[in-house]
Amino acid sequence: MGNKWDHFYKKSYAQRLQLIADLVGLSDAQLQLIHQNEDQVSGELVENNLTSYPLPEGVVTGLIVNGRHHLVPMVTEEPSVIAAASNGAKLLSAGEGIHCAIPEKLVSGQVIVKHAEIKAVSKFVETNRQQILNIANQSHPSILKYGGGAQKVAVRELSPTFLSLDLSVDTGEAMGANIINTMLEAISNWLSDQLQVETTMAILSNFADEEVVEVTGQVAVAKLASKSLDGRQVAQRIADASEVAQLDVKRATTHNKGIMNGVDAAVIAFGNDWRAVESAAHAFAARQGVYKGLSTWQVVGDQLVGEMALPVPIGFVGGASKVLPLVAVNQQIAQIHHSQDEMQVIAAVGLAQNLAALKALVTDGIQKGHMALQLKSLALSNGATTQELPAVLAQLRQIANPNSQTVKEILKTIRR
Ligand code: MEV
């Protein structure tokens, strides 16, 4: 006898929802919430579609990248991230703004070959280089129309058992996962035919070290003064914090998490695969065999200078960007028209986010700035309406260590 969950994906939307509701006892209000957020178009992106999951979107203002002003839409659930990014953007954009460069933009991938002689495969690839690139391009010919295509091929020995054939492809404005995977599968088939070798898999690499944005930004130390420290002291403390992130993996991970707060939020707003950007960033942070902070800050004369190299494997077209209607709106808000602009704006936000986090950490500490937004979140999560918020917040600010119970009591009094 068939299980009622069999072929769940074949059931109608109403049937799927009914099955879930019956199993877990969803209330009418919960069902309404699911319906309210359901979006049939974006639902087509995933299987077993249930609803859409809205996250807050805000805008970072005042970011200047390579002389151009950008507003940057950011999607995040974390309070303080957008305020901090705006703060960092303002500091870094007071002078010439942030400078970004992209030395190359190639997506890479690999065909893993088992039990083959490195010398023989290397020689074969050397002799047949152009043919391998042609096979790749013929498997996805439209890429040539856009001026892209397979560009490099090399062989690496991974162990006495495994080799990796590495392919690098210019995928134009696309993130390029489908393009390169098609190419790699074509090469894999051809290679196993020609050399009679076993190929274990053919897949893009998320390492993305050929899609790196080099970012630099500076701020006059005088602009960093806090209530109790002068600007030079704050700048030196930020430089110290960045040094610690080069020395210690515990701190480096948190330092980089702060950078990715900004990066991911912008990557999501532009409809890209943030897991790809995350994995590339962290692998890149460990590229020398030790995991380190992705950015460094130094005091040079009267400036605090920040530098970062960050892989940003994203696309301007393709993937979810066409299906999710807000992506085009966000690209327009940010005034970006190409994948390279998008990469630069994303990396610049990462550096701005990092500066703001370090400045807060080495001066007042992170909690002070977080408090206002944390209180808002505490009030909302305990049932305060947006109309009740100002009154609830005013009372919460007077109380040391408020919690859910405090909010509930305040709400009771207000509603009375
Ligand atoms: C919090 O989401 C991010 C920070 O911890 C980053 C950092 O410590 O650099 C504030």
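Coordinates for the structure precede this section.
Quick summary incoming for the structure in this document. (Residues numbered from 1 in each chain as written. Predicted model: local features only at pLDDT ≥ 70, side-chain atom pairs only at ≥ 80, totals over all residues. Heavy atoms only, no water.)

Digging into the sheet that holds strand S4 (residues 107-114)
The pairing of strands in a sheet happens through backbone hydrogen bonds and is either parallel or antiparallel.
For step 1, the next point in the chain: Strand order in this open sheet of four strands is S5-S6-S4-S7, and the pairing throughout is antiparallel. The sheet is open, and its two edges are formed by strand S5 (149-157) and strand S7 (198-204), each paired on a single side. On average, each strand axis in the sheet is tilted by 20 degrees relative to the strand beside it, whichever way the strands run.
For step 2, the next point in the chain: In terms of strand pairing, S5 meets strand S6 (residues 162-170) through eight bridges, oriented antiparallel. Opposite Glu157, over in S6, you have Leu163 as the bridge partner.
For step 3, the next point in the chain: Of the strands in this sheet, S5 and S6 are in contact with helix H6 (residues 129-139), which crosses S5 at around 125 degrees. (Pairing = 2+ DSSP bridges. Helix = DSSP H or I, 4+ residues; strand = E, 2+ residues; numbered from the N terminus. Axes fitted to C-alpha atoms, helices over the stretch in contact; angles between N-to-C directions. Contact = heavy atoms within 4.5 Å.)

Remarks on the nonpolar core
For step 1, the next point in the chain: Leu63, Ile238 and Leu310 are the most contacted members of the largest nonpolar core, which totals 57 residues.
For step 2, the next point in the chain: When sequence neighbours within four positions are dropped, the list of residues in contact with Leu310 reads Glu211, Val212, Val213, Met260, Val263, Ala281, Leu294 and Ala347.
For step 3, the next point in the chain: Among the nonpolar cores identified, the runner-up in size contains 30 residues, and Phe124, Val169, Ile179 and Leu184 belong to it. (Core = buried A, V, L, I, M, F, W, Y, C linked by side-chain atoms within 4.5 Å. Buried < 20%, exposed > 50% of the residue type's maximum accessible area, 1.4 Å probe, protein only.)

Section: the site of the ligand
For step 1, the next point in the chain: Near the ligand the following residues occur: Glu78, Arg251, Thr254, His255, Lys257, Gly258, Asn261, Ala357, Leu361 and Ile366.
For step 2, the next point in the chain: Interatomic distance of 2.9 Å between a side-chain N/O atom of Lys257 and an oxygen atom of the ligand.
For step 3, the next point in the chain: Asn261 places a polar side-chain atom, nitrogen or oxygen, 2.9 Å from an oxygen atom of the ligand.
For step 4, the next point in the chain: When the free accessible area of the ligand is taken as 300 Å², the share hidden by the protein chains comes to 85%.
For step 5, the next point in the chain: For the shell around the ligand, the elements supplying multiple residues, two or more each, are helix H10 (249-269) and helix H13 (339-362).
For step 6, the next point in the chain: Per element, the largest residue contribution to the shell around the ligand is six residues, and it comes from H10.
For step 7, the next point in the chain: Taken together, the residues of the shell around the ligand sort by class into three nonpolar, four polar and three charged. (Near = heavy atom within 4 Å. Polar contact = N/O pair within 3.5 Å; in protein donor to acceptor, adjacent residues only side chain to side chain. Areas by Shrake-Rupley, 256 points an atom, 1.4 Å probe, with all protein chains shown as cover. Nonpolar A, V, L, I, M, F, W, Y, C, P; charged D, E, K, R; others polar.)

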